[in-house]
Amino acid sequence: MQKRLVLDQQQIAITLKRFCYQLIENHDDFDNTVILGLQPRGTLLLDKIVALLEEIAGIKVPSGYLDATFHRDDFRRRDLPLKANETKIDFLVEGKKVILIDDVLYQGRSVRAAMDAMIAFGRPQKVELMVLVDRRLTRDYPIMPDYFGVKVNTLDSQYVVVEWKEQGHPEDAIWITEKVKS
């Protein structure tokens, strides 16, 4: 299987700091802003961003985990049922600026579903999207990130894999790999 490195640990660290400075510039003291990580893979990125914001600016931003499994348009179309993850939001998003965080923006289906799921917690004033990887040419919905680490052009036969040390990998890295043919 061919693997191509997109971002290494150092490049990811730089990207995460850039995200934080952009957020500070755009949201100042985060007085009316909350951050939601999309389950399952956006939550690791969320935790890193929240910790860095506290380290860099001393700001504790309200954050939570959002699962959109049952809001997906392909939920009932799969051979095997999807497994839901925990939604952990202990605040309302009514009137707040919400930053949705995920690792990879692919077709836009997860983000669309997340916006539907988020409405259960109130109507936000504004929603922004932050992703580490924007797979530009694969969108099914007209969804674009406000913050992105890197844009890549990929084929349908490829995956973007985000590896974190917290998941047992030797170091943080982002790869493009070929899908295994069955």
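What counts and what doesn't
- Residues numbered from 1 in each chain as written.
- Predicted model: local features only at pLDDT ≥ 70, side-chain atom pairs only at ≥ 80, totals over all residues.
- Heavy atoms only, no water.
- Helix = DSSP H or I, 4+ residues; strand = E, 2+ residues; numbered from the N terminus.
- Rg over C-alpha atoms; globule rule 2.2 N^0.38 Å.
- Buried < 20%, exposed > 50% of the residue type's maximum accessible area, 1.4 Å probe, protein only.
- Areas by Shrake-Rupley, 256 points an atom, 1.4 Å probe, with all protein chains shown as cover.
- Lys, Arg positive; Asp, Glu negative; His and termini not counted.
- Charge placed at Lys NZ, Arg CZ, Asp CG, Glu CD.
- Core = buried A, V, L, I, M, F, W, Y, C linked by side-chain atoms within 4.5 Å.
- Contact = heavy atoms within 4.5 Å.
- Salt bridge = Lys/Arg side-chain N within 4 Å of Asp/Glu carboxyl O.
- Polar contact = N/O pair within 3.5 Å; in protein donor to acceptor, adjacent residues only side chain to side chain.
- Pairing = 2+ DSSP bridges.
- Axes fitted to C-alpha atoms, helices over the stretch in contact; angles between N-to-C directions.
- Phe/Tyr/Trp six-rings, centres within 6.5 Å; stacked < 30°, edge-to-face > 60°.
- Lys NZ or Arg CZ within 6 Å of the ring centre and 35° of its normal.

**Focus: the overall build of the protein chain**
Here is step 1: For the protein chain, the helix and strand inventory stands at 3 helices and 8 strands.
Here is step 2: In the protein chain, the succession of helices and strands from N to C terminus is β-α-β-α-β-β-α-β-β-β-β.
Here is step 3: In terms of overall dimensions, the protein chain is globule-like: its C-alpha atoms have a radius of gyration of 16 Å, near the 16 Å expected for 182 residues.
Here is step 4: Over its C-alpha atoms, taken along the principal directions, the protein chain stretches across nearly 50 × 40 × 30 Å.
Here is step 5: Taking all 182 residues of the protein chain together, 47% fall into the buried category.
Here is step 6: Counting only carbon and sulfur atoms, one obtains 48% of the accessible surface of the protein chain, whose full area is about 10300 Å².
Here is step 7: Across the protein chain, the mean location of the 26 positive side-chain charges is 5 Å away from that of the 28 negative side-chain charges.

**Regarding the nonpolar core**
Here is step 1: I49, L132 and I174 are the most contacted members of the largest nonpolar core, which has 32 residues in total.
Here is step 2: Elements represented by at least two residues in this core include exactly β1 (3-7), α1 (9-27), α2 (42-57), β4 (97-105), β5 (126-135), β6 (147-152), β7 (158-163) and β8 (173-178).
Here is step 3: Ranked by residues supplied to this core, first place goes to α2 with 6 residues.
Here is step 4: Aside from chain neighbours lying at most four places away, what touches I174 is R4, L5, V6, L7, I12, L132, V133, V160, V161 and V162.
Here is step 5: V34, L38, A117 and V131 belong to the second largest nonpolar core, which has 19 residues in total.

**Quick notes on the side chain of R135**
Here is step 1: Structurally, the position occupied by R135 is in strand β5.
Here is step 2: The side chain of R135 is buried and forms no salt bridge, while D156, the nearest opposite charge, is found at 5.4 Å.
Here is step 3: Within the local environment of R135, its side chain forms a polar contact with the backbone oxygen of L155, the two atoms lying 3.2 Å apart.
Here is step 4: Sequence-distant contacts of R135, defined by excluding residues within four places in its chain, comprise V104, L105, Y106, V152, T154, L155, Q158, Y159 and V160.

**Examining the pattern of salt bridges**
Here is step 1: Counted according to the given criterion, the structure contains 9 salt bridges.
Here is step 2: For K126, the salt bridge is made with E128, and the minimal N-O distance between the two is 3.4 Å.
Here is step 3: Across the salt bridge formed by R139 and D134, the nearest N and O atoms sit 2.5 Å from each other. Both residues of the pair, R139 and D134, count as buried.
Here is step 4: Taken together, the salt bridges that share partners define one network made up of K48, E166 and D172.

**As for the sheet that holds β1**
Here is step 1: Strand order in the open sheet formed by 3 strands is β1-β8-β7, and the pairing between neighbours is antiparallel. The open sheet has two edge strands with one neighbour each: β1 and β7. Averaged over all pairs of adjacent strands, the angle between strand axes in this sheet comes to 30°, irrespective of strand direction.
Here is step 2: Sheet topology note: the β7/β8 ladder contains 6 bridges and is antiparallel.

**Here we look at the packing of aromatic side chains**
Here is step 1: Going through the model one piece at a time under the given rule, you end up with 0 aromatic pairs.
Here is step 2: Over the ring of F148 we find K151, and its NZ or CZ is 4.6 Å from the ring centre.

**Here's the deal with the sheet that holds β4**
Here is step 1: Taking strand neighbours across the sheet as the criterion, the 5 strands line up as β3-β2-β4-β5-β6 in an open arrangement whose pairing is parallel. Looking at strand neighbours, the two that pair on one side only are β3 (63-66) and β6, the edges of this open sheet. Each adjacent strand pair in this sheet contributes to an overall mean axis angle of 25°, direction not counted.
Here is step 2: Bridge analysis of β5 against β6 gives 5 bridges, and the strand direction is parallel. What sits directly across from D134, in β6, is K151.
Here is step 3: Its contacts with the sheet place helix α3 (residues 109-118) against β2 (33-38), β3, β4 and β5, and it is angled at close to 150° to β4.

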